[in-house]
Amino acid sequence: MKLFYTPNSPYARIARIAVVELSLSDRIEIEKVTVRDPNSNLLNYNPTGKVPTLATDDGFILSETRIICVYLNHLNPDIKIVADISHAFLQQLEGISSGLLDGIAVWVREIRRERHEQSPGIIELERSRALRVLNYFEKISDQLDQTPKLAHITLASALGLETRLPELQWRQNYPKLTRWYDEFSERPSLQVTKPEI
Ligand SMILES: N[C@@H](CCC(=O)N[C@@H](CS)C(=O)NCC(=O)O)C(=O)O
């Protein structure tokens, strides 16, 4: 089984963290690829050209982080990373943290375009979305724990984009979230998957 990733993708990072937390490192080969590259090896597997991509032993090509994490979790059901319907609050956190990540990812992509191509409207939309969600997590931070659930992994991966988006500056205004994040980030699975920049 093979997991394709790029070192700086926050989505691929979630899948890589899940591999470690589920003790699947021995069963899954991790292959670094390029994206937005017509010569990428990834295109031989997945026409979307997106990471993460999981090529399973039974010949399936899985895209989309949550779908991949559900599959990985089935390989080691003793550890529960992905929340099911009996854990509705965790599902709530999964959804809100992945909305935060999607929004920040759009924002990061926007500021990486040439200045004259950037849309101030999109940047403002994503900035205010991120601030609303960060306010939410600061308020409920006493309900965040340190267990490696998909919700927490996704939130940490989104917050980890601070290195790519200094404009976000979430640490200054969200002290409780900062404490939660700094402790969670000490997990070996987060340490070995730290973005390169
Ligand atoms: N909705 C997807 C998003 C994955 C995604 O956008 N990955 C980015 C890297 S962060 C990518 O592969 N981009 C390549 C491209 O845009 O062609 C998921 O949940 O996995």
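Preceding block: the structure.
Residues numbered from 1 in each chain as written. Predicted model: local features only at pLDDT ≥ 70, side-chain atom pairs only at ≥ 80, totals over all residues.

(A) Region of the structure containing the site of the ligand. The environment of the ligand is made up of S9, P10, Y11, V35, R36, G49, K50, V51, P52, E64 and T65. Class assignment of the residues belonging to the shell around the ligand gives a composition of five nonpolar, three polar and three charged. (Near = placed C-beta within 6 Å. Nonpolar A, V, L, I, M, F, W, Y, C, P; charged D, E, K, R; others polar.)

(B) Summary view of the packing of helix 3 (residues 88-111) against helix 5 (residues 150-159). Their axes nearest at 8 Å, the elements helix 3 and helix 5 cross at an angle of 20 degrees. Considered as vectors, helix 3 and helix 5 are oriented roughly parallel to each other. For the element pair helix 3 and helix 5, the recorded crossing hand is left-handed. Contacts between helix 3 and helix 5 involve L90, L93, E94, S97, S98, L100, L101 and I104 from the former and L150, A151, T154, L155, S157 and A158 from the latter. Among the residues making up the contact of helix 3 with helix 5, the classes are represented as nine nonpolar, four polar and one charged. (Axes fitted to C-alpha atoms, helices over the stretch in contact; angles between N-to-C directions. Helix = DSSP H or I, 4+ residues; strand = E, 2+ residues; numbered from the N terminus. Parallel < 35°, antiparallel > 145°, perpendicular 65-115°, else oblique. Left-handed = near helix turned anticlockwise from the far one by under 90°. Contact = placed C-beta atoms within 7 Å.)

(C) Quick look at the nonpolar core. Ranked by size, the top nonpolar core spans 46 residues in total, and within it A15, A18 and C69 carry the most contacts. Counting residues per element, the ones that place at least two in this core are strand 1 (2-5), helix 1 (10-21), strand 3 (53-55), helix 2 (65-75), helix 3, helix 4 (120-139), helix 5 and helix 7 (175-184). Both domains that meet at this core, namely domain 1 (2-75) and domain 2 (88-191), each give it at least three residues. Non-local contacts of A15, meaning those with residues more than four positions away in its chain, are made with L3, P52, T65, I68 and C69. (Core = buried A, V, L, I, M, F, W, Y, C linked by C-beta atoms within 7 Å. Buried ≥ 20, exposed ≤ 12 C-beta atoms within 10 Å, placed from the backbone. Domains from an automatic or database assignment.)

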